[in-house]
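# An overview of the molecular structure
Here is what each chain is made of, one letter per residue.
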Amino acid sequence: MIVYQPSGIVEGLKAALLRTSLKLLLKPVFSPRWSIGFQRRWLLALSRTTLIPKGVAVEPAEVGGVPGEWLRSAQAPSAPPGVVLYLHGGAYCVGSPATHRSLTARLALVTGLPVFSLDYRLAPEHPFPAGLDDAVAAFRALARGGQRVVLAGDSAGGGLALATALALREGGSPLPAAMVLFSPWVDVALRDVPAAEPRGEAMLSVAWAAACAAHYLRDTSPDAPRVSPLFADLRGLPPTLIQAGTDELLHGQALQLESALQAAGVDTRCEISAHRWHVFQTSGGVLRSADEAIERVARFLMGPLAAATGTQPSSHEVVILGAGMSGLCAAVKLKRAGIHDFVILEKQDGLGGTWWDNTYPGAHVDVPSPVYSFSFAPNPGWTRRFAGAPEIQAYMQKVATRFGLLAHIRLGTRISAARFDDATGHWHHDIERPDGARSTLQSRFFMCSAGPLSQPRWPDIPGLDDFQGERLHSARWDHGYAMTGKRVAVIGTGSTASQLVPPIAEQALQLHVFQRTANWVLPRRDRLYTALDRLLAQFPPYAAMVRWNWSQVLEWGRSGFDEGTLARRALLAAAGAQRKKQVGNEALRQKLVPPYPLGCKRIIYSNDFYPALTRPNVELVTDAIARITSHGIVTTDGRERTIDALVCATGFDVTHLLSSIRVTGLQGRTLAETWAHGPEAYHGITVSSFPNLFLMLGPNTATGHTSTLLYIEPEVDHAIACMQAVRAGEHRWIDVRPEVLRAHNDRLQARLGTSVWSQCRSWYRMENGRVFALFPGFTREYVQSVRVPDLADYVFSAPSSPAQPVTHAAASAQP
Ligand code: NAP
């Protein structure tokens with residue numbers, strides 16, 4: 001069970017108001033004193049006052065001979081991975097699809113899945129098993145043809161959903177892909193519920209539930225597993241999410257069901273929201289806690305639906321590799337361009353890319369948060385100027401939810417190979433899932449947003465594999481390992497090490513920090529954002545102004561990489577002053593003087609790295625490492641330091657970009673062969689002979705001075721404009737002209753060869769000295785040259801004449 005604590009004054013006030021309204025307007029009518037007919041009419045009248053989110057179409061329909069309504073989001077993918085069959089609550093006697101629209105419509109909007117809300121037959125006119133028969137018939141009809149169906153329901157509808165799954169299992173029918181049960185009523189006899197309902201219960205009373213149960217049961221025993229599925233054999237059921245509130249009559253039943261499902265070996269997640277009432281999720285759009293609960297439903301469904309669809313061959317307009325910042329940006333902009341037929345394949349079990357991978361202690365962004373959010377999705381909720389990794393990952397989740405991306409994302413899904421077929425103008429992808437399942441996927445366009453910092457690099461130090469203690473890489477952190485009281489070594493003193501050294505130093509008995517090269521460290525002007533900051537940030541012009549200001553400040557910092565500038569003098573002075581102020585020991589300070597010009601490697605912004613190095617339990621080791629032994633590290637002076645844990649903050653393998661995928665373009669040539677002498681692309685986006693392939697954050701697009709998001713947005717615009725040109729001209733493919741690519745890279749290399757980045761070893765450079773990762777200019781230069789592609793730089797292939805590529809001008813002239 002996971003408990004969520006809603007917070008915030010406004011949220012608290014809204015909750016109090018809603019609860020009071022329900023207690024005054026609904027609870028008195030849900031009573032045996034009133035006729036069922038009146039209760040139904042009253043509930044329908046009240047439900048007309050609730051909010052239905054915009055952008056969801058409601059369409060009456062019949063499925064399996066049972067009436068109901070489809071709720072479909074305009075944002076949904078054209079080929080959703082499944083559908084939801086929703087069974088409304090109402091104690092089996094009242095309620096309808098119309099009374100539950102505020103919940104079902106939001107479910108459709110947030111999950112991106114079409115929701116069929118069933119108008120199943122109600123008691124007393126139609127006692128058990130009429131409703132169950134309707135649900136089973138509708139499910140079977142939806143599941144026909146292999147369609148994946150999620151069964152969801154609230155209250156009595158939750159109990160009915162569970163009973164439906166049991167009936168399907170016993171009838172040998174395909175099971176739901178997953179179940180979502182909001183405050184399910186799973187013991188119709190209400191055994192073990194408190195005699196008086198909890199004070200906060202806004203809707204249900206024991207007397208009303210008992211009266212409705214009697215109508216529903218008529219002659220059936222309340223012990224029958226299909227009316228009280230809590231007591232049934234629950235083995236073999238699909239992954240199930242239960243949500244309930246603490247302030248409700250059925251709170252205990254949610255917990256009992258969780259235990260029963262877990263005992264039966266069912267993959268179960270139970271989420272309890274503190275101070276929330278029965279099916280509070282109907283208040284989505286008003287209560288943040290309700291919105292968040294529904295967002296969690298969408299995230300929960302991503303796993304089972306990805307697993308279910310992973311083995312089905314399918315075809316999409318666009319495949320996006322990676323659900324990091326660039327993958328999400330690509331998805332949002334594709335939707336805005338009217339392209340909804342795409343999937344995002346993500347090899348990890350969650351979205352976030354580098355922010356999913358890098359959870360080491362102290363992880364945070366090193367540019368101000370307002371510029372580390374998309375221009376189209378400002379985040380007024382940042383709690384501090386330099387946000388921590390969990391906050392950034394949460395922001396990305398919100399972006400994915402808000403823009404309806406969740407139904408497009410397939411987690412735990414890896415592309416192992418991608419091959420372009422000239423004849424069809426399509427990419428063919430080989431897909432692998434962790435359970436070994438393999439499948440194929442086709443797409444016209446391939447957006448590769450793997451991120452340059454995705455392959456952890458272990459240091460090439462002899463004996464690394466002999467180490468018997470705990471070995472960690474910063475990008476694959478084991479949170480189960482406690483550093484408290486341990487002897488720890490950290491190899492590396494880059495951006496990552498500077499963030500994880502201070503928290504480890506506070507816990508470890510002894511910390512040895514192995515520095516090969518001292519780096520430039522500048523103060524981090526961090527601060528907490530106040531309630532006023534967050535309030536002001538709600539106003540789009542203010543948020544845009546703050547973002548623009550920071551981008552200009554960082555842009556000014558770019559001048560600091562050029563000799564003789566005012567910015568450079570200011571940065572050098574700030575770095576020197578910080579070193580002097582924070583490191584009193586002269587010998588230690590000398591070890592921390594960088595041996596290369598400022599800017600050649602990424603500048604570190606930290607206020608606590610130097611102080612951590614001055615702690616009595618921390619040693620900065622500058623002797624080179626000779627080898628690693630089973631329990632320690634030996635330096636070239638022959639000294640061995642015995643350690644319990646070895647932390648490698650040694651960065652990423654950036655040189656072999658996309659090395660985990662075999663990408664094959666025209667004439668069977670692979671990207672690895674093409675890049676044998678180093679990766680290069682046109683503006684970091686397109687590579688000759690790899691048509692319809694768009695790299696995000698490809699070669700020479702990294703930045704040493706500002707937010708990478710400022711580069712991602714124009715890259716995505718460029719890629720989509722190219723796709724639109726292919727679609728508009730009905731071409732098969734678009735490919736950058738080789739001579740354009742060559743000239744572009746010659747110009748870049750000429751600039752980089754004499755730049756500050758050529759003057760030290762860094763992840764921006766290859767062994768042969770070629771700077772392949774970094775863009776040398778200012779951000780505005782990149783944005784202006786990239787956002788709108790010059791289509792004359794590209795060659796298009798006409799649909800009818802595969803052998804004869806055409807220029808864009810000629811192609812446009814075709815009818
Ligand atoms: P990094 O900058 O490549 O630093 C790796 C460190 O490990 C360097 O100090 C390097 O020393 C050392 N090292 C590597 N191999 C070694 C060996 N065999 N023996 C001894 N030392 C060795 O990696 P990173 O710190 O993980 O940062 C990578 C990039 O990630 C950054 O540049 C930045 O772009 C990004 N990052 C961003 C944030 C953020 O907040 N946005 C945070 C962390 C990282 P040498 O310097 O001598 O090579």
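Note that the structure is predicted; figures quoted are calculated from it, not measured.

So, on to the overall build of the protein. Looking only at helices and strands, the protein features 22 helices and 30 strands. What you see for the protein is a C-alpha radius of gyration of 30 Å, in line with the 28 Å of a compact globule of 815 residues. Its C-alpha atoms give the protein principal-axis dimensions of roughly 85 × 75 × 55 Å. Looking at the protein as a whole, 58% of its 815 residues are labelled buried. Accessible area of the protein: about 31,600 Å², with a carbon and sulfur share of 55%. Across the protein, the centroid of the 79 positively charged side chains sits 5 Å from that of the 69 negatively charged ones.

Take the sheet that holds strand 3 (residues 66-73) next. Strand pairing in a sheet takes place through backbone hydrogen bonds and is either antiparallel or parallel in direction. Ordered in space as 1-9-8-7-6-4-5-3-2, the 9 strands form an open sheet in which the pairing is mixed. The open sheet terminates on both sides in strands that have one partner only, identified here as strand 1 (2-4) and strand 2 (56-63). With direction set aside, neighbouring strand axes in the sheet form an average angle of 20°. Taken together, the 6 bridges between strand 8 (residues 240-245) and strand 9 (residues 268-273) define a ladder with parallel strand orientation.

An ideal rise of 1.5 Å per residue puts 16 Å on 12 residues; helix 6 (residues 206-217) measures up with 16 Å between its terminal C-alpha atoms. The secondary structure elements touched by the buried residues of helix 6 are helix 2 (36-47) and helix 5 (156-170). One or two steps after helix 6, the chain reaches Arg218, where phi turns positive at roughly 45°.

This part takes up the nonpolar core. Membership of the largest hydrophobic core comes to 124 residues, with the highest contact counts inside it found for Ile409, Met447, Ile504 and Phe694. Ranked by residue count, the leading element in this core is helix 19 (residues 709-729), at 11 residues. Those residues in contact with Phe694 that lie beyond four places of it in its chain are Phe445, Phe446, Met447, Cys448, Ile685, Thr686, Ala719, Cys722, Met723 and Ile734. Val136, Phe139, Leu190 and Ile242 belong to the second largest nonpolar core, which has 70 residues in total.

Residues in close proximity to the ligand total 26 residues, the closest being His364, Thr496, Thr517, Lys601 and Trp763. Here an oxygen atom of the ligand sits 3.1 Å away from a polar atom, N or O, in the main chain of Ser495. Between the ligand and Ala649, the relevant distance is 3.4 Å, taken from an oxygen atom to a main-chain nitrogen or oxygen of the residue. For the ligand, whose unbound accessible area comes to 900 Å², protein coverage reaches 88%. Ranked by the residues each element gives to the shell around the ligand, the list is headed by helix 12 (residues 495-507), at 3 residues. Residues that form the shell around the ligand fall into these classes: 9 nonpolar, 10 polar and 7 charged.

Let us look at empty space enclosed by the protein. All told, the structure shown has 4 cavities of 30 Å³ or more when counted by the stated rule. There is about 80 Å³ of room inside the largest cavity. Looking at the largest cavity, the residues that line it are Pro81, Thr111, Leu113, Ala298, Leu301, Met302, Leu305, Ala306, Leu406, Ala407, Ile409 and Arg410. Secondary structure elements with two or more residues in the lining of the largest cavity: helix 8 (288-309) and strand 12 (409-410). Element by element, the count of residues in the lining of the largest cavity is highest for helix 8, at 5 residues. Residue composition of the lining of the largest cavity, grouped by class: 10 nonpolar, 1 polar and 1 charged.

The subject of this paragraph is the side chain of Ser205. Relative to the assigned elements, Ser205 resides in the loop between strand 7 (178-182) and helix 6. Among the residues examined, Ser205 registers a relative accessible area of 13% and is labelled buried. The residues touching Ser205, leaving out its near neighbours within four places in the chain, are Phe30, Glu197 and Leu249.

Moving on, we come to the sheet that holds strand 24 (residues 640-642). Read from one edge of the open sheet, 3 strands run 22-23-24, paired in antiparallel fashion. Looking at which strands have only one partner, the edges of the open sheet turn out to be strand 22 (625-628) and strand 24. Between one strand axis and the next, the sheet turns through 25° on average, direction left out of account.

The next thing to look at is the state of the cysteines. Applying the stated criterion across every chain, the model contains 1 disulfide. Covalent S-S linkage joins Cys600 and Cys760, the inter-sulfur distance amounting to 2.0 Å. Across the S-S bond linking Cys600 and Cys760, the dihedral sits near -105°, which makes this disulfide left-handed. Of this pair, Cys600 sits in the loop between helix 16 (586-591) and strand 20 (604-605) while Cys760 is found in the loop between helix 20 (738-753) and helix 21 (779-786), placing the two residues 160 residues apart along the sequence. Residue Cys600 is classed as buried on the basis of its relative accessible area of 0%. Classification of Cys760 as buried rests on a relative accessible area of 8%. Summary of cysteine pairing: Cys722 is not part of a disulfide, and the nearest cysteine sulfur, belonging to Cys329, is at 15 Å.

Calculation criteria
Residues numbered from 1 in each chain as written. Predicted model: local features only at pLDDT ≥ 70, side-chain atom pairs only at ≥ 80, totals over all residues. Heavy atoms only, no water. Helix = DSSP H or I, 4+ residues; strand = E, 2+ residues; numbered from the N terminus. Rg over C-alpha atoms; globule rule 2.2 N^0.38 Å. Buried < 20%, exposed > 50% of the residue type's maximum accessible area, 1.4 Å probe, protein only. Areas by Shrake-Rupley, 256 points an atom, 1.4 Å probe, with all protein chains shown as cover. Lys, Arg positive; Asp, Glu negative; His and termini not counted. Charge placed at Lys NZ, Arg CZ, Asp CG, Glu CD. Pairing = 2+ DSSP bridges. Axes fitted to C-alpha atoms, helices over the stretch in contact; angles between N-to-C directions. Expected span 1.5 Å × (residues − 1). Contact = heavy atoms within 4.5 Å. Core = buried A, V, L, I, M, F, W, Y, C linked by side-chain atoms within 4.5 Å. Near = heavy atom within 4 Å. Polar contact = N/O pair within 3.5 Å; in protein donor to acceptor, adjacent residues only side chain to side chain. Nonpolar A, V, L, I, M, F, W, Y, C, P; charged D, E, K, R; others polar. 1 Å grid on protein atoms, 1.4 Å probe; cavity = no way out; pocket = protein on both sides within 12 Å on 5 of 7 lines; lining within 4 Å. Points joined across faces, edges and corners; volume = space filled by probe spheres on them. Disulfide = S-S within 2.5 Å.

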